[in-house]
Amino acid sequence: MTAKVAYATSVLSTLFRLVAYVFLEVVPTSRLGKYVLPGLYVLYVTLTGLQLVSRAPAVKQEVSATDTKAVEGVEIDSKDSTDVAPPPPPVKESSPYASILSSIIFTAPTKSLGLQVTNLVINSLLILAAIDFVTYPYFDNASDVTFTRVGAVYPDSAKIVVRYPTTDSTDHQVRIAWRQAANSDVSADNSNSWRHGPLVNLTSENDWVSTVKLDGLWPRTHYEYKLEDADETTLPYPANPIRFRTFPDPLLHSGSYFRFLASSCITPNFPYVPFQGRRIKGFDLLADSVWPAEASVPSAVQIAAQSSAAPAPLTEASITDAESAGTTSADDVPLSTPSTSTIAAPVPTRVEPPTEFMIFMGDFIYADVPLYFGDDQESYRRLYRRNYQSDSFRKVYERLPIFHTYDDHEIINNYAGASNDSQAPFPNASDAFRLYNADANYDSAAEGQHYYDFRYGDVAFFVMDTRRHRSTYETDAASRTMLGDKQLAALYDWLGKVNNTATFKFIVTSVPFTSLWQYEAQFDSWAGYAYEKTALLGALHSVPNVILLSGDRHEFAAIEYRSPSPGSTVLEVSTSPLSMFYVPFVRTLKMKSEGVVQQIKKVAADTETEETEIIEEVPQEQVLKYLPLGNHKWSALEVDTRNPERPTVQVQIMIEGVEAYKLLVVGQPVNFHPETALGAFVERSFKGVLDKFGLKPGNWF
């Protein structure tokens, strides 16, 4: 019986450790943390207790047996030595260290009380780690966190978020003080004095957070701001002014050259590390990548690892009409071939454009992972405060404007709102999202909605809300909608407006547009809304230079949507997670669709000067690159429209802080409608004169 208990204890201990590893380091599912892990630990402790209790009679039996042998030994010694049988040959025992290692690492059965207690301590530490991971947001609720950040940025204004709690009242005010930064493209006022901006009304009812709009700014100009109290005394936070740069005037078609970031899905301290409850490692890696001069000095091991890693090849894709569209395969040869010369010519250092903003594509919090604390206002707000409390995130949001959309985990897993705003838990979830993230986004064309659009120069963006209005999957397939009638109409209207007024058009969808992801993505992504997707894709093929940005799947993929001739190819870049789990071993993405489209292809005829056209069938959806591994991923997109005949977007995929893939997207030239802006004809020096008279020309351009 004792042996059976020992083996059962060993099996339970091994299984418990395996589940603990999966929960803390691989996938922190709610079922593992709520039921499986505690259940295994209780069973293990119970059997371990039985083992320890059964040791007492066993020890007594061993003592009695030892005494008997001792007596027999005396009797034998009294006899003649010739009658004593020769002793048995010595048995070579196995190394005690091997037994100790197998017992501790693999929890092999052991009679050693010390090893049994050691295993009990190890497993108890694992369950304490799981408890710490699950309950950390509850005990460290970040109620006193103070922060400010820049949200939506316009050519002449910017939104600013402030959270500044107080304990001696239920409301108070903070003032924004601002000025033009010294390194602005426009000559700063010599006095460089601070100007009084809007008052921020903060109340305990709104969790001490509010958003205001700072007006009267100039396009493409650096500014900085600080916080003051009602008496115009500078507050201790922030220690240094927060800086930002306004966007260029979209009516000035002078071309754009900028970078922005995109990713989704974060949870603090995952994979789990003891005593790191506030860390969001993905933001640490991102900050070190965007601002490398401020990164810590790498170790010798890191330098060796980076020097041995080959640079990612540059793949080129064309967003052209179907007749001339051509995209290389995922692992194709780089655009340039290395020189055969023994002495390489010096390569000029490439100056990258500044990173202007980040688009966060949903799952900013995980309300239901690893544990759902319930549908109440404080539970949702607490998770947002926790993220803004993180020093990892602070080093990013204090330097980079961030625009948000949400996905299901800001609400609850696989949420479908069906345009019913009273459906739980949407009211409490939406309240927290609005206060901390949505109010700082660009204003929606429809009041109270979370979808919106914006421009950066001649580049246009539309950010969808894919949760609030989507039909449930039980709805008839032909009647299902992802966006709802009003949002879908707004998207079509936006496509009409930007068709010939923007070079590139980025559409942000929190869930993948492709139907190639399998399992639950077949009903939770656009794959489950095939009728609406097909109609929308047809419209996208009629608009040049459309790029879809998505997240959610905890993997990276670049996917091309081929169009029937004539038509434009559409590209999707799906990136996640920024700091969350990925699924090892299981691959959930098909490489191409079963559906095909017919394209016209020109081939050489019999003569050298003639070409003939043939019709070929190609997959409608084709994967260009698939990178499923990695807990920390983001995309950096460099947009260059300075050459109107060859506009480009260079997509750089970063995984664990290292470049993993690069794709060059070549767009079509766009013939803009004749539009002008007053700012094109006004010298900056004249603007400065007007500003000294108290006029605000920034509002005119």
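In this text the structure is predicted, and so the values were computed from the model without any measurement.

So, the packing of aromatic side chains
Piece 1. Under the defined criterion, the tally for this structure stands at 54 aromatic pairs.
Piece 2. Here the guanidinium or amino end of Lys533 rests over the ring plane of Phe513, the centre of that ring lying 5.5 Å away.
Piece 3. The ring of Tyr257 carries the charged tip of Arg642 above its face, separated from the ring centre by 3.8 Å.

Describing the sheet that holds strand E16 (residues 556-561)
Piece 1. Spatially, the seven strands line up as an open sheet ordered E12-E13-E14-E15-E17-E16-E20, and their pairing is mixed. A single partner strand is all that each edge strand has here, and the edge strands are strand E12 (452-456) and strand E20 (621-627). Strand-to-strand twist of the sheet, defined as the mean angle between neighbouring strand axes without regard to direction, takes the value 20°.
Piece 2. By the bridge criterion, five bridges tie E12 to strand E13 (residues 459-463) in an arrangement that is antiparallel. Residue pairing in the sheet places Asp453 in a bridge with Phe462 of E13.
Piece 3. Taken strand by strand, helix H10 (residues 485-498) contacts E12, E13 and strand E14 (504-509), and its axis lies near 175° from that of E13.
Piece 4. Helix H12 (residues 530-540) contacts E14, strand E15 (546-550), E16, strand E17 (570-574) and E20 of the sheet and is inclined by roughly 140° relative to E15.

A short note on the nonpolar core
For soluble globular proteins, nonpolar side chains are generally found buried alongside one another.
Piece 1. Counting 103 residues, the largest nonpolar core has Phe260, Phe357, Phe454, Phe461 and Phe506 as the members making the most contacts within it.
Piece 2. If you tally residues by element for this core, the top one is helix H9 (residues 426-436), at six residues.
Piece 3. Beyond its immediate sequence surroundings of up to four residues, Phe357 is in contact with Phe247, Phe258, Arg259, Phe260, Leu261, Leu400, Pro401, Phe403, Phe454, Tyr456 and Phe461.
Piece 4. Among the nonpolar cores identified, the runner-up in size contains 34 residues, and Phe462, Phe513, Trp517 and Tyr529 belong to it.

Section: unusual backbone geometry
Piece 1. Look at the link from Tyr237 to Pro238: it is a cis peptide, with omega at -5°.
Piece 2. Note on placement: Pro238 falls in the loop between strand E6 (222-228) and strand E7 (242-245).
Piece 3. Here the residue pair Val369 and Pro370 is connected by a cis peptide bond, since its omega of 0° sits within 30 degrees of zero.
Piece 4. Mapped onto the elements of the fold, Pro370 is located in the loop between strand E10 (355-360) and helix H7 (377-389).
Piece 5. In this model, Asp363 sits at a positive phi of 60°, which is unusual for a non-glycine residue.

Notes on the side chain of Ser593
Piece 1. Within the secondary structure layout, Ser593 lies in the loop between E17 and strand E18 (596-604).
Piece 2. Residue classification places Ser593 among the buried residues on the basis of a relative accessible area of 16%.
Piece 3. Within the local environment of Ser593, its side chain forms a polar contact with the backbone oxygen of Gly595, the two atoms lying 2.9 Å apart.
Piece 4. Dropping the residues within four chain positions of it, Ser593 is found in contact with Leu516, Pro619, Gln620 and Glu621.

Regarding the sheet that holds strand E4 (residues 195-203)
Piece 1. One open sheet holds the four strands; their spatial order is E4-E3-E6-E7, and the pairing between them is antiparallel. Taken across any chain shown, the strands that pair with only one partner, and hence form the sheet edges, are E4 and E7. Along the sheet, successive strands turn relative to each other by an average axial angle of 30°, direction set aside.
Piece 2. Taken together, the six bridges between strand E3 (residues 171-180) and E6 define a ladder with antiparallel strand orientation. Across the sheet, the residue bridging to Ile176 is Leu227, located in E6.

Observations concerning the confidence of the model for the protein
Piece 1. When pLDDT is averaged along the protein, the result is 85; 80% of the residues meet or exceed 70.
Piece 2. A low-confidence stretch, residues 185-190 (pLDDT under 50), is modelled with 12 contacts involving residues beyond four sequence positions or located in other chains.
Piece 3. Confidence drops under a pLDDT of 50 for residues 322-347, and excluding neighbours within four residues, the segment shows 35 contacts in the predicted structure.

Things to note about the environment of Leu536
Piece 1. You can see Leu536 is positioned in helix H12.
Piece 2. Once the C-alpha coordinates of Leu536 and Leu491 are considered, the two residues, 45 residues apart in sequence, prove to be 9.3 Å apart.
Piece 3. Those residues in contact with Leu536 that lie beyond four places of it in its chain are Met464, Leu491, Tyr492, Leu495, Phe513 and Trp526.

Section: a nonpolar patch on the surface
Piece 1. On the surface, Leu52, Leu113, Val117, Val121, Leu125, Leu128 and Ile131 cluster together into a nonpolar patch covering about 590 Å² of accessible area.
Piece 2. Here the element with the most residues in the nonpolar patch is helix H4 (residues 113-139); it accounts for six residues.
Piece 3. Here Ile131 lies in helix H4.

Regarding H7
Piece 1. Across its 13 residues, H7 extends 18 Å between first and last C-alpha, which sits within 8% of the 18 Å expected from 1.5 Å per residue.
Piece 2. H7 sits mainly inside the fold: 11 of its 13 residues count as buried.
Piece 3. Where the residues of H7 are buried, they touch H4, strand E1 (147-153), strand E2 (158-163), helix H8 (391-397), strand E11 (402-404) and H9.
Piece 4. Where H7 begins, the side chain of Asp376 points an oxygen toward the backbone nitrogen of Glu378, at a separation of 3.2 Å.

Here is what the cut-offs are and how they apply
- Residues numbered from 1 in each chain as written.
- Predicted model: local features only at pLDDT ≥ 70, side-chain atom pairs only at ≥ 80, totals over all residues.
- Heavy atoms only, no water.
- Phe/Tyr/Trp six-rings, centres within 6.5 Å; stacked < 30°, edge-to-face > 60°.
- Lys NZ or Arg CZ within 6 Å of the ring centre and 35° of its normal.
- Pairing = 2+ DSSP bridges.
- Helix = DSSP H or I, 4+ residues; strand = E, 2+ residues; numbered from the N terminus.
- Axes fitted to C-alpha atoms, helices over the stretch in contact; angles between N-to-C directions.
- Contact = heavy atoms within 4.5 Å.
- Core = buried A, V, L, I, M, F, W, Y, C linked by side-chain atoms within 4.5 Å.
- Buried < 20%, exposed > 50% of the residue type's maximum accessible area, 1.4 Å probe, protein only.
- Polar contact = N/O pair within 3.5 Å; in protein donor to acceptor, adjacent residues only side chain to side chain.
- pLDDT = per-residue confidence, 0-100.
- Patch = residues over 30% accessible without salt bridge, like charges linked within 9 Å, V, L, I, M, F, W, Y side chains within 5 Å.
- Areas by Shrake-Rupley, 256 points an atom, 1.4 Å probe, with all protein chains shown as cover.
- Salt bridge = Lys/Arg side-chain N within 4 Å of Asp/Glu carboxyl O.
- Expected span 1.5 Å × (residues − 1).

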